[in-house]
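Single-letter residue listing:
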Amino acid sequence: MKYFAVIFLLFSSVLLSACNSIKVPKSMADHKMSAIPTNVVPTQSAWIFPDHPKAKEKTPISILIKDKSGQPIKSFETVHEKKMHLFIVSKDLAYFSHIHPKYKGNGQFDITTTFPAGGDYKLIADVTPKGGGDSSIESHWQYVGGEAAKEVPLVPDQELTKVVDGKKVSLTFTELTAGKTLHMTFTINDAKTNQPIKNLQPYLGAMGHTVAMSADTENYLHIHPMTTAENGPIVIFMTIFPKPGIYKIWGQFKHNDKVFTVPFVIDVPKK
Ligand SMILES: [Cu+2]
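A quick note: this is a predicted structure, and the numbers were derived from the prediction, not measured.

Basis of the calculations
- Residues numbered from 1 in each chain as written.
- Predicted model: local features only at pLDDT ≥ 70, side-chain atom pairs only at ≥ 80, totals over all residues.
- Heavy atoms only, no water.
- Helix = DSSP H or I, 4+ residues; strand = E, 2+ residues; numbered from the N terminus.
- Buried < 20%, exposed > 50% of the residue type's maximum accessible area, 1.4 Å probe, protein only.
- Contact = heavy atoms within 4.5 Å.
- Donors = N, O, S within 2.8 Å, 3.2 Å for Na, K, Ca; no water.
- Pairing = 2+ DSSP bridges.
- Axes fitted to C-alpha atoms, helices over the stretch in contact; angles between N-to-C directions.

A. Region of the structure containing the overall build of the protein. Scanning the protein from N- to C-terminus turns up 2 helices and 16 strands. For the protein, with 271 residues in total, the buried portion stands at 48%. Contacts spanning at least 24 positions in sequence make up 64% of the contacts within the protein whose residues lie at least 6 apart.

Structure representation (structure tokens):
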């Protein structure tokens, strides 16, 4: 086990220095703890927007995924039921959206979305070209015209319990420290009765999804829960926060056929 941990840390430090968009290896997310780096296919992308996208208007987006020589990548793995997962956040991380563009073939993914306010948005596409192990990440900043929303300062939550859609959700960590493998646990109770919710439904093939983003949006983590037979009230994720500082976390779960998203802001201390 010790041997595995060392190898894993070596691997993750390579991963950490290699790119800004840190991904939790799929092997780790699935709790297989593979020590072998699973190959990430190098990609590049082109993002096609209308000339002057505006807030509150339907905005078609095309994302072209290409290989390093500029040729479109043609086939993609279906990961968690989708060929592409697209996350959109406002610069202050107040706005979060997780949507699934449609694959049109020839490397092209299309979706239409509506930005809620004017300002800068970061879009992060998560795809796995056929034959790849872990997903490739492509991101893009986009300015959207229109009246800007009031900027929300990113302040760590004093208390890690939130009520969303009638659910009381608490977040705890084993040893919250940058660069350390840790468990992040969501506990989901009914907000009215305080009874544990034991009938969560799988959402995109997992009991939950968590996205974490550093305050500067440079580090992105998409984490899936450790395998469990339970449908709540506890959902455990394993991850590593690559660097200290403030992160926003969005936990997404499904209950009564409805997906709910619970956001937290945390401050990850250094070692
Ligand atoms: Cu998704």
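B. Representation of the coordination of the copper ion in the model. Within the protein, the atoms that donate to the copper ion are His85 (ND1), His98 (NE2) and His100 (NE2), at distances of 1.7 to 2.1 Å. Linear spacing of the donor residues for the copper ion on their chain is H-x12-H-x1-H.

C. How the structure looks around the pairing of strand S15 (residues 245-255). Across the 11 residues that make up S15, a large majority, 8, are buried. Bridge count for strand S12 (residues 209-214) against S15 is 6 bridges, and the pairing is antiparallel. Looking at S15, one finds that histidine 209 is bridged to glutamine 252. Where S15 and strand S16 (residues 258-268) come together, 11 bridges link them in antiparallel fashion. Its bridge partner lying in S16, phenylalanine 253 is registered against phenylalanine 260.

D. Highlighting the environment of serine 139. With respect to the secondary-structure elements, serine 139 resides in strand S8 (residues 136-144). With a relative accessible area of 34%, serine 139 lands in the partly exposed category. Separated by 15 residues in sequence, serine 139 and isoleucine 124 place their C-alpha atoms 4.3 Å apart. Every residue in contact with serine 139, bar those within four places of it in the chain, is listed here: Trp47, Lys122, Leu123 and Ile124.

E. Region of interest: the sheet that holds S16. Pairing within the open sheet is antiparallel, and its 4 strands lie in the order S13-S12-S15-S16. Of all strands in the sheet, those bounded by a partner on one side alone are strand S13 (220-223) and S16. Neighbour-to-neighbour, the strand axes of this sheet turn through a mean angle of 15 degrees, independent of strand direction.

F. Focus on the pairing of strand S7 (residues 119-127). Of all 9 residues in S7, 8 are buried; the element is thus mostly enclosed. Examined bridge by bridge, strand S3 (residues 84-90) and S7 share 7 bridges and lie antiparallel to one another. Bridging across to S7, methionine 84 finds its partner in valine 127. Here 9 bridges tie S7 to S8, and the two strands are oriented antiparallel to one another. By the bridge assignment for S8, leucine 123 is matched with histidine 140.

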